[in-house]
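Here is how the chains run, residue by residue.
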Amino acid sequence: MRLVVHNMLQCHVKGCNSNNFPLRLFDVELEIHEIEFNPQFLQSLLPKLDWNAFISTANQIGITSLPQTLPEEIDEDFLKNLHRILFETHIMQGKMVCSNCSHEYPIKEGIPNMLLNEEEAEEEAEVEAEAEED
């Protein structure tokens, strides 16, 4: 899972509507997979990126080479560093944990599992049925 993907994920447990982004990372194994640098694409992505969440996540996994605030002047060196972190850094194993409800989402072989387990799905169905009865 690339860090750019992590920046778009949030907890989706029913009723978990606050403090559910970004998901905290634990026990991660990282790999670097080089891909072609595309500065135009990266610049178009910047407005969609939640910078504070991204920096928090990067710091959690030991990446401290980025500024705390997005610079006003963006040069090619900054974009290359950002590219390496957003697109070439892959989380291969670990887990994501919601700060609000503590739900854990495992990451295996680079794929985050955002599905709820059977018990949680049944609990959600019960809550929904009770809400419809009221």
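Basis of the calculations
Residues numbered from 1 in each chain as written. Predicted model: local features only at pLDDT ≥ 70, side-chain atom pairs only at ≥ 80, totals over all residues. Heavy atoms only, no water. UniProt positions renumbered as here; feature names shortened; annotations may be inferred. Salt bridge = Lys/Arg side-chain N within 4 Å of Asp/Glu carboxyl O. Helix = DSSP H or I, 4+ residues; strand = E, 2+ residues; numbered from the N terminus. Buried < 20%, exposed > 50% of the residue type's maximum accessible area, 1.4 Å probe, protein only.

The name recorded for the protein chain in an unreviewed UniProt entry is Multifunctional methyltransferase subunit TRM112, from Gigaspora margarita. In its Subunit (unreviewed entry) section, UniProt records this for the protein chain: "Interacts with TRM9." Database annotation for the protein chain, UniProt heading Sequence similarities (unreviewed entry): "Belongs to the TRM112 family."

This next bit is on the pattern of salt bridges. Taken as a whole, this structure holds three salt bridges when the rule is applied. Between Lys80 and Glu76 there is a salt bridge, and its shortest N-O distance comes to 3.2 Å. You can see Lys80 and its partner Glu76 sitting in helix H4 (residues 76-88), four residues apart, about one turn around the helix. On the basis of relative accessible area, Glu76 is assigned to the partly exposed category, the value being 47%. Note that Lys95 and Glu104 form a salt bridge whose closest N and O atoms lie 3.5 Å from each other.

A few words on unusual backbone geometry. Cis peptide bonds are those with omega within 30 degrees of zero, and the linkage from Phe21 to Pro22 qualifies with -5°. Looking at the secondary structure, you find Pro22 in the loop between helix H1 (3-6) and strand E1 (24-32). Of note in this structure, Asp27 is not a glycine but carries a positive phi near 55°. In this structure Asp27 comes out as exposed when scored by relative accessible area, which is 63%.

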